[in-house]
Amino acid sequence: MADGNVNVPGASAADLKKVEKKADAAKTVADEAMDAVQKFAFTINTVPSQAGSLTYTGSQQTPAWNGYNPEMLELSGVTEGINAGEYDAIFTPLGDYVWADGTQDPVTVHWTIERAAINTTPSPSGTKTYTGAAQSPSWSNYDSAKLTIGGTTSATNAGTYSATFTPGANYKWADGT
């Protein structure tokens, strides 16, 4: 049997050749089925996405991910942030894993940290009376770490003046503006 030939009593060489062809065909079908199972088992059908939302807190934050399995994908790029804005994480299939299109190319996924809402509008505290000297009001609900003040912030003459407040890069008004 070392040469691969099989003798079956009562079977002709032609019968054995037929059996050999059917065995080869069965092996080919089995190999194709195994390839299909492996392809299915190692295919990543969904690109991960940010789970939930993050809002600026002043501390470092890392997003949670929908569809991320560290046994299948390597995560790189920007995976944590402090400031409000958009960041790019990169997912790359590991080992035999591939995307649905059959590639192992890295895929960039955008994730965000939203601006924190400012819920109160600054307003002047108290009243000012003409003194002949420049005066500036005190402000309630004004935090210079969150808002930039502009417009007229100091005046000498009696009258009505307008100051403006603009949220900083990590902030927005409660209505989203």
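Scroll up for the structure.
The structure contained in this document is the topic of the report that follows. (Residues numbered from 1 in each chain as written. Predicted model: local features only at pLDDT ≥ 70, side-chain atom pairs only at ≥ 80, totals over all residues. Heavy atoms only, no water.)

Looking at the overall build of the protein chain
Consideration 1: For the protein chain, the count of helices and strands is one helix and 14 strands.
Consideration 2: Across the 177 residues in the protein chain, those meeting the buried criterion constitute 20%.
Consideration 3: By sequence separation, contacts in the protein chain at least 24 residues apart represent 42% of the contacts at least 6 residues apart.
Consideration 4: On the protein chain, roughly 12,000 Å² of surface is accessible, and the fraction owed to carbon and sulfur atoms is 52%. (Helix = DSSP H or I, 4+ residues; strand = E, 2+ residues; numbered from the N terminus. Buried < 20%, exposed > 50% of the residue type's maximum accessible area, 1.4 Å probe, protein only. Contact = heavy atoms within 4.5 Å. Areas by Shrake-Rupley, 256 points an atom, 1.4 Å probe, with all protein chains shown as cover.)

As for the packing of aromatic side chains
Consideration 1: Counting across every chain of the model gives seven aromatic pairs.
Consideration 2: Ring centres of Tyr87 and Trp111 lie 4.7 Å apart, and the angle between their planes is 20°; on these two criteria the pair is classed as stacked. Residue Tyr87 is located in strand β6 (residues 85–93), and its partner Trp111 is located in strand β8 (residues 107–114); the two are separated by 24 residues in the primary sequence.
Consideration 3: In this structure an aromatic cluster arises from ring pairing among Trp65, Tyr68 and Phe91. (Phe/Tyr/Trp six-rings, centres within 6.5 Å; stacked < 30°, edge-to-face > 60°.)

With respect to the sheet that holds β6
Consideration 1: Strand order in the open sheet made by the four strands is β3-β8-β6-β5, with mixed pairing throughout. Each edge of the open sheet is held by one strand with a lone partner, namely β3 (54–55) and β5 (73–77).
Consideration 2: In the sheet, β6 pairs with β8 via seven bridges, with the strands oriented antiparallel. Among the inter-strand pairings, Tyr87 is bridged to a residue of β8, identified as Trp111. (Pairing = 2+ DSSP bridges.)

Quick word on the side chain of Asn170
Consideration 1: Of note, Asn170 is situated in the loop between β13 (163–167) and β14 (171–173).
Consideration 2: With sequence-adjacent residues up to four places away left out, Asn170 is seen in contact with Tyr56, Asn83, Ala84, Arg115 and Ala116.

Looking at the pairing of β6
Walk down a regular strand and you will see the side chains alternate between the two sheet faces.
Consideration 1: Judged from the five bridges that link them, β5 and β6 form a sheet pairing that is antiparallel. What sits directly across from Leu73, in β6, is Pro93.

Let's talk about the nonpolar core
Consideration 1: In this structure, Tyr56, Trp65, Phe91, Trp111 and Ile113 are the most contacted members of the largest nonpolar core, which totals 20 residues.
Consideration 2: Of all the elements in the fold, those that place two or more residues in this core are β6, β8, β9 (116–118) and β14.
Consideration 3: Not counting residues within four places of it along the chain, the set of residues in contact with Tyr56 comprises Gln61, Ile82, Asn83, Ala84, Ile113, Glu114, Ala116, Asn170 and Tyr171. (Core = buried A, V, L, I, M, F, W, Y, C linked by side-chain atoms within 4.5 Å.)

Regarding the side chain of Gln61
Consideration 1: Here Gln61 shows up in the loop between β3 and β4 (64–66).
Consideration 2: Here Gln61 falls in the buried class, since its relative accessible area comes to 14%.

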